[in-house]
Amino acid sequence: MLADNIFAKIIEGKIPARIIHDDAHCLAFHDVHPQAPVHVLIIPKKIIPTHDTLTAEDGPLVGHLNLVAVKLAGELGLADGYRLVINCKDQGGQTVPHLHMHLMGGRPLHWPPG
Ligand code: AMP
C-alpha cells in the first residue's frame, strides 16, 4: 500500500474516481464535492504528504503538475481563466495528506478566499 489516505487508494485503483488524466507521474480526477462548475484535483503519483515537504528533486514534477493543469484547463473550456490552489496542512485547509492541486473554474472566483 502506498499510504493510508484516500488519494493513495485512488492511485492504487482501490477506490473509484472520475479520472480525466493519467500519466507516469500524476493523475487528475473530478473533485467529489465540486466548489465550481469545474473542480479537478491533480495529484502526483509519488508520495508527497504536503506542499512543504517538496524538495529540489521535485522541481520537474511540480512543473509537470502545472503543465497538466494548463492542458486540462484548455480541455475543460476554461479560456476565461481559472484558479489553482494547493492547501498546505491544517491552517491551509488541507484535509487529505497527499499533495494535490485544485483546478477550479467555470464561474467568477472571488478574492480573498475564506
Ligand atoms: P483539501 O481540503 O485541499 O485537502 O482538498 C481535498 C479535496 O478532496 C476536497 O475538495 C474533497 O472534496 C476532495 N475529495 C475527498 N475525497 C475525494 C474522493 N474520493 N474523490 C474525489 N475528491 C475527493
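Higher on the page you've got the structure.
Treat the numbers as computed from the prediction; the structure is a model and nothing was measured.

The rules behind these values
All residue numbers refer to positions counted from 1 along the written sequence of the respective chain. Per-residue local features of the predicted model are confined to residues with pLDDT of at least 70, and side-chain atom pairs are confined, for both listing and counting, to 80 or more; whole-chain, interface and lining totals are unaffected and use all residues. The side-chain values count all of the structure's non-hydrogen atoms but skip hydrogen atoms and water molecules. When we say a residue is near a molecule or strand, we mean one of its heavy atoms is within 4 Å of it. Polar contacts, as used here, are pairs of N or O atoms within 3.5 Å; protein pairs need one atom able to donate a hydrogen and one able to accept it. Residues neighboring in sequence count only if both atoms are side-chain atoms. Residue burial considers only the protein chains on display, and all accessible areas are found by Shrake-Rupley using a 1.4 Å probe. Classes in brief: Ala, Val, Leu, Ile, Met, Phe, Trp, Tyr, Cys and Pro nonpolar; Asp, Glu, Lys and Arg charged; the others, Gly included, polar. In the sections that follow, a salt bridge refers to a side-chain nitrogen of Lys or Arg positioned within 4 Å of a carboxyl oxygen of Asp or Glu. Starting at the N terminus, helices and strands are each numbered in turn, a helix being any DSSP run of H or I of at least four residues and a strand any DSSP run of E of at least two. Think of it in three bands: residues with accessible area under 20% of the maximum for their type are buried, residues over 50% are exposed, and the middle band is partly exposed, with areas taken using a 1.4 Å probe on protein chains only. Counting rule for disulfides: a pair of cysteine sulfur atoms within 2.5 Å. In this analysis, the expected span of each helix is defined as 1.5 Å times one less than the number of residues it contains. Here a residue-residue contact requires only that any non-hydrogen atoms of the pair lie within 4.5 Å. Pairing between strands is defined by DSSP: at least two bridges between them are needed. Interaxial angles span 0 to 180 degrees and are taken between N-to-C directions of axes, which are lines fitted to C-alpha atoms, for helices over the stretch in contact.

Engineer: When you look at the site of the ligand in this model, what are you seeing that I'm missing?
Structural biologist: By nearness alone, 15 residues border the ligand, and Asp31, Asn87, Thr95, His100 and His102 come closest of all. Within the backbone of glycine 93, one N or O atom sits 2.9 Å away from an oxygen atom of the ligand. One nitrogen or oxygen atom from the side chain of histidine 102 is found 2.8 Å from an oxygen atom belonging to the ligand. Burial of the ligand by the protein amounts to 84% of the accessible area it has alone, namely 510 Å². Residue composition of the shell around the ligand, grouped by class: six nonpolar, eight polar and one charged.

Engineer: What's the story with the pattern of salt bridges in this structure? I'm lost.
Structural biologist: Think of it this way: side chains of opposite charge can pair up when their charged atoms draw near. In the structure shown here, the tally under the stated rule is seven salt bridges. Residue glutamate 57 pairs with lysine 46 through a salt bridge whose shortest N-O separation is 3.0 Å. Of this pair, glutamate 57 sits in the loop between strand 3 (38-44) and helix 2 (59-75) while lysine 46 is found in the loop between strand 3 and helix 2, placing the two residues eleven residues apart along the sequence. Judged by its relative accessible area of 62%, glutamate 57 is exposed.

Engineer: Hey, could you run me through the state of the cysteines in this one?
Structural biologist: Here, the word disulfide means a covalent bond between the sulfur atoms of two cysteines. By the definition in use, this model includes zero disulfides. Among the cysteines around cysteine 26, which has no disulfide bond, cysteine 88 carries the closest sulfur, lying 19 Å off. Assessed through its relative accessible area of 0%, cysteine 26 is described here as buried.

Engineer: Sorry if this is basic, but what is going on with helix 2 here?
Structural biologist: For an α-helix, 3.6 residues make a turn, and residues three or four places apart therefore share a direction. Here helix 2 is 17 residues long and its end C-alpha atoms lie 25 Å apart, about the 24 Å a rise of 1.5 Å per residue gives. Check the buried side of helix 2 and you find it contacts strand 1 (19-22), strand 2 (26-30), strand 3, strand 4 (83-85) and strand 5 (101-105). Looking at the residues trailing helix 2, positive phi occurs at glycine 77, about 80°.

Engineer: Would you mind showing me how to read the sheet that holds strand 1 here?
Structural biologist: Working definition: the strands of a sheet are paired by backbone hydrogen bonds and lie parallel or antiparallel to each other. Across the sheet, five strands lie side by side as 1-2-3-5-4; this open sheet has antiparallel pairing. At either margin of the open sheet sits one strand with a lone partner, and together these are strand 1 and strand 4. On average, each strand axis in the sheet is inclined to that of its neighbour by 20°, with strand direction left out of account. Two strands pair when backbone bridges link them, and strand 2 and strand 3 are joined in this way by five bridges, in the antiparallel orientation. Bridge pairing in strand 3 places histidine 30 opposite valine 40. The strands touched by helix 2 are strand 1, strand 2, strand 3, strand 4 and strand 5; relative to strand 3, the strand with the most contacts, the crossing angle is about 155°.

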